[in-house]
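Secondary and tertiary structure notes
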Amino acid sequence: MKLTGAEIVLECLKEQDVDKIFGYPGGAVIPLYDALYDKMDHFDHILTAHEQGASHGADGYARSTGKVGVCFATSGPGATNTVTGIATAYMDSVPLVVITGQVPANLLGKDSFQEVDITGITLPITKHNYFVKDVEKLADVIRDAFKIAESGRPGPVLIDIPKNVFLEKTTYVKKEVLKENKRACTSSNKEIIKAADLINQSSKPVIYAGGGIVLSEAANELYEFATKGNIPVVNTLMGLGSFPRDHDLSLGLVGMHGMRDANLAVCGSDLIIAIGARFSDRVIGIAEEFGPKAKVIHIDIDASEIGKNKDVDLWILGDVKRVLADLTDMLSTKDRKEWLEKIEDFKVNKEKTGFHAENILACAHKVLGDETIVTTEVGQHQMWTAQHFPFKNPRTFISSGGLGTMGYGLGAAIGAQVGNPDKRVLHIAGDGSFRMNCNELATVAKYKLPMITLLFNNQTLGMVRQWQKMFCHKRYAETDITQEVDYMKLVEAYGLRGEKVDNLLDLEDALRRAIQSGKGTVIECLLSKDDCVFPMVPPGAPIHNIILE
Ligand SMILES: Cc1ncc(C[n+]2csc(CCOP(=O)(O)OP(=O)(O)O)c2C)c(N)n1
């Protein structure tokens, strides 16, 4: 069967079981959209307000469903608008396939209208990228791109296709996608036996659980492993939801804004078992003081992470799901009572009163429930959410960890809602982040998405202000964003529901009304600009150096 390049792209997406595409049309991809016009019975195309929103949408879709997110953009500015989304996905190991149009081959290298070297630009922020000059190669490139995006440590792949290649014809032969194992195990049984011995001998072990557990669908295996050995679990930002926060062994977030018991458990432990985590600087502070007396076992699928940020005593390369299952079989059952009691003493139980983030999040959890998918922007609201929303399930906390992208959360929430139409999606935003990409409210309205945004309006770029307060003698340079925008009018202009609240009772009512309405709703919560996120470890300090208030 002879098809155009554009038709081949769509057939190859079908081969991969893709039915949701986030994108935005333009000159170089007009042939692709023209082919899409005939395939609307199969594909749902989500037309965002901006290509950055499309890239974050594909990312939120991927993180919440475990599938590859797909994004289309035109050449030039369309392509460059996806760059932040691609970098965000790259830093957090999210599988994306981004397809960009390029100027026709005869105009390449001439500074043609909307010509930009997007493969050059995205080289350091993609797992791999392709420039397809020959329509004969197109189908296999797309198949390979999906394989690369999903296999091993996932990541974004970009395919740049000149307009003429979309229009040229060649024979297309459908290929079945083999359901092969995407994550191979490369370490031998010897390492796993050694690791089990170390764990069985340890009296003060800690599991340092990262996003690799979520990516490998290994939450059940982690649960079996931790509970059999009675080993406490600390989570990275990306690892939240991989272990139920309401379990006695869960110590929650570790690192710069980690819980006191989580940070002190790591510092006092004799064995750190790092699973699908990368010892990020925001977690470990000073590498040598992250568990100074501890041996370290590192389990990861990506060999390049071993020893990169922290020296380790033993490593196991492979799919954490399989490694954990094997390790659990060799684990002795222990109660580790003394160690767990010691950790209990590290806890701080200080309840906040009033309309504070902690209570707002508790209220949202009470009304919306455990199954809710929560996305955040970047800043104080993000850290409060990570600290206080009791995530129980993997793929329910969606946030830009590695790149820290303000403006990520609304697009990601749209992607999560599109991928999970029957689930509740809650987007938690700071006012600064919200302003960055609130244009995507148009997308929420267009597709009638019932998602709820909690807009934490503290009239400031709170996290930066907090650093200015703590480390710059309260010299608040350019962090005030006081009363400049009437968010309720803005929300109304997009045809969505808006409510403004300043107390917990009204918030609860507003949340219930939002659910009942089934309409996209923004609830603006009025907060004090002086609220700070604690605990906090100063940047560059060891993680036992905890400021509590
Ligand atoms: C795109 C981008 N620009 C700048 C920053 C630096 N930054 C980190 S947090 C923050 C303030 C965020 O303010 P807001 O969204 O209001 O959230 P809050 O901290 O008040 O909860 C800024 C400017 C960033 N992370 N991303």
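Our subject in this report is the structure included herewith.

Rules and cut-offs
- Residues numbered from 1 in each chain as written.
- Predicted model: local features only at pLDDT ≥ 70, side-chain atom pairs only at ≥ 80, totals over all residues.
- Heavy atoms only, no water.
- Helix = DSSP H or I, 4+ residues; strand = E, 2+ residues; numbered from the N terminus.
- Rg over C-alpha atoms; globule rule 2.2 N^0.38 Å.
- Buried < 20%, exposed > 50% of the residue type's maximum accessible area, 1.4 Å probe, protein only.
- Areas by Shrake-Rupley, 256 points an atom, 1.4 Å probe, with all protein chains shown as cover.
- Near = heavy atom within 4 Å.
- Polar contact = N/O pair within 3.5 Å; in protein donor to acceptor, adjacent residues only side chain to side chain.
- Nonpolar A, V, L, I, M, F, W, Y, C, P; charged D, E, K, R; others polar.
- Patch = residues over 30% accessible without salt bridge, like charges linked within 9 Å, V, L, I, M, F, W, Y side chains within 5 Å.
- Salt bridge = Lys/Arg side-chain N within 4 Å of Asp/Glu carboxyl O.
- Lys, Arg positive; Asp, Glu negative; His and termini not counted.
- Charge placed at Lys NZ, Arg CZ, Asp CG, Glu CD.
- Axes fitted to C-alpha atoms, helices over the stretch in contact; angles between N-to-C directions.
- Parallel < 35°, antiparallel > 145°, perpendicular 65-115°, else oblique.
- Left-handed = near helix turned anticlockwise from the far one by under 90°.
- Contact = heavy atoms within 4.5 Å.
- Core = buried A, V, L, I, M, F, W, Y, C linked by side-chain atoms within 4.5 Å.
- Pairing = 2+ DSSP bridges.

This part is about the overall build of the protein chain. When helices and strands are tallied, the protein chain shows 23 helices and 20 strands. In terms of overall dimensions, the protein chain is globule-like: its C-alpha atoms have a radius of gyration of 24 Å, near the 24 Å expected for 549 residues. Taken across its 549 residues, the protein chain has 57% of its residues classed as buried. Summed over its atoms, the accessible surface of the protein chain is roughly 22200 Å², and 50% of this surface lies on carbon and sulfur atoms.

Before going further, it helps to spend a moment on the site of the ligand. By nearness alone, 17 residues border the ligand, and Gln380, Gly404, Gly432, Ser433 and Gly462 come closest of all. At 2.8 Å from an oxygen atom of the ligand is found a main-chain nitrogen or oxygen belonging to Gln380. Gly404 places a main-chain nitrogen or oxygen 2.8 Å from a nitrogen atom of the ligand. Contact with the protein chains covers 75% of the free accessible surface of the ligand, which is 590 Å². Taken together, the residues of the shell around the ligand break down into 6 nonpolar, 10 polar and 1 charged.

Nonpolar side chains collect at one region of the surface, where Tyr90, Met91 and Leu403 lie side by side and expose about 240 Å² of accessible area between them. With respect to the helices and strands, Met91 occurs in helix α5 (residues 83-91). Its relative accessible area of 32% is what places Met91 among the partly exposed residues.

Moving on to a negative patch on the surface. Among the surface-exposed residues, Glu288, Glu289, Asp311 and Asp313 lie close enough to one another that they form a single negatively charged patch. Relative to the helices and strands, Asp313 is located in the loop between β13 (295-300) and β14 (314-317).

Once that is clear, we can look at the packing of helix α1 (residues 5-15) against helix α7 (residues 135-150). As a packed pair, α1 and α7 sit with axes 10 Å apart at the nearest point and diverge in direction by 25°. Judged by the angle between their axes, α1 and α7 are roughly parallel. You can see that α1 and α7 cross each other, and the crossing is right-handed. When α1 is examined against α7, the residues Gly5, Ile8, Val9, Cys12, Leu13 and Glu15 are found in contact with a partner set consisting of Val135, Leu138, Ala139, Ile142, Arg143 and Phe146.

Quick look at the nonpolar core now. If you look at the biggest cluster of nonpolar residues, it comprises 40 residues, and the most contacted ones within it are Phe22, Leu96, Ile414, Phe434, Leu441, Val444 and Met451. Looking at this core, the elements with two or more residues in it are α3 (51-65), α5, β5 (96-102), α18 (409-419), β17 (425-430), α20 (441-446) and α22 (487-493). Counting residues per element, this core draws most heavily on α18, which supplies 6 residues. Excluding residues within four positions of it along the chain, Val444 makes contact with Leu410, Ile414, Leu449, Met451, Leu496 and Gly520.

Before going further, it helps to examine the sheet that holds strand β10 (residues 233-235). Taken together, the 6 strands give an open sheet; going across it, the order is β11-β10-β9-β12-β13-β14, and neighbouring strands pair in parallel fashion. One side of each edge strand has no neighbouring strand; the edge strands of this open sheet are β11 (250-253) and β14. Sheet twist, expressed as the average angle between the axes of neighbouring strands with direction ignored, equals 15°. In terms of strand pairing, strand β12 (residues 271-275) meets β13 through 5 bridges, oriented parallel.

Within β17, 6 of the 6 residues are buried, leaving the element largely enclosed by the surrounding structure. What you see with β17 is no split at all: Val425, His427 and Ala429 on one side and Leu426, Ile428 and Gly430 on the other are buried throughout. When strand β15 (residues 373-376) meets β17, the two strands line up parallel, connected through 4 bridges. By the bridge assignment, Ile373 is partnered in β17 with Val425. With 5 bridges joining them, β17 and strand β18 (residues 452-457) adopt parallel strand pairing. Across the sheet, Leu426 pairs through a bridge with Ile452, a residue of β18.

Strands sit in the order β3-β2-β4-β5-β7-β6 across an open sheet of 6 strands; the sheet is parallel. With partners counted over all chains shown, the strands left at the sheet margins are β3 (44-47) and β6 (128-131), one partner each. Recorded for the sheet is a direction-independent mean angle of 20° between the axes of neighbouring strands. One ladder, built from 7 bridges, connects β5 with strand β7 (residues 156-162); its direction is parallel. Each residue of the ladder has a partner; that of Ile99, found in β7, is Ile159.

Shape descriptors only; they carry no functional weight alone.
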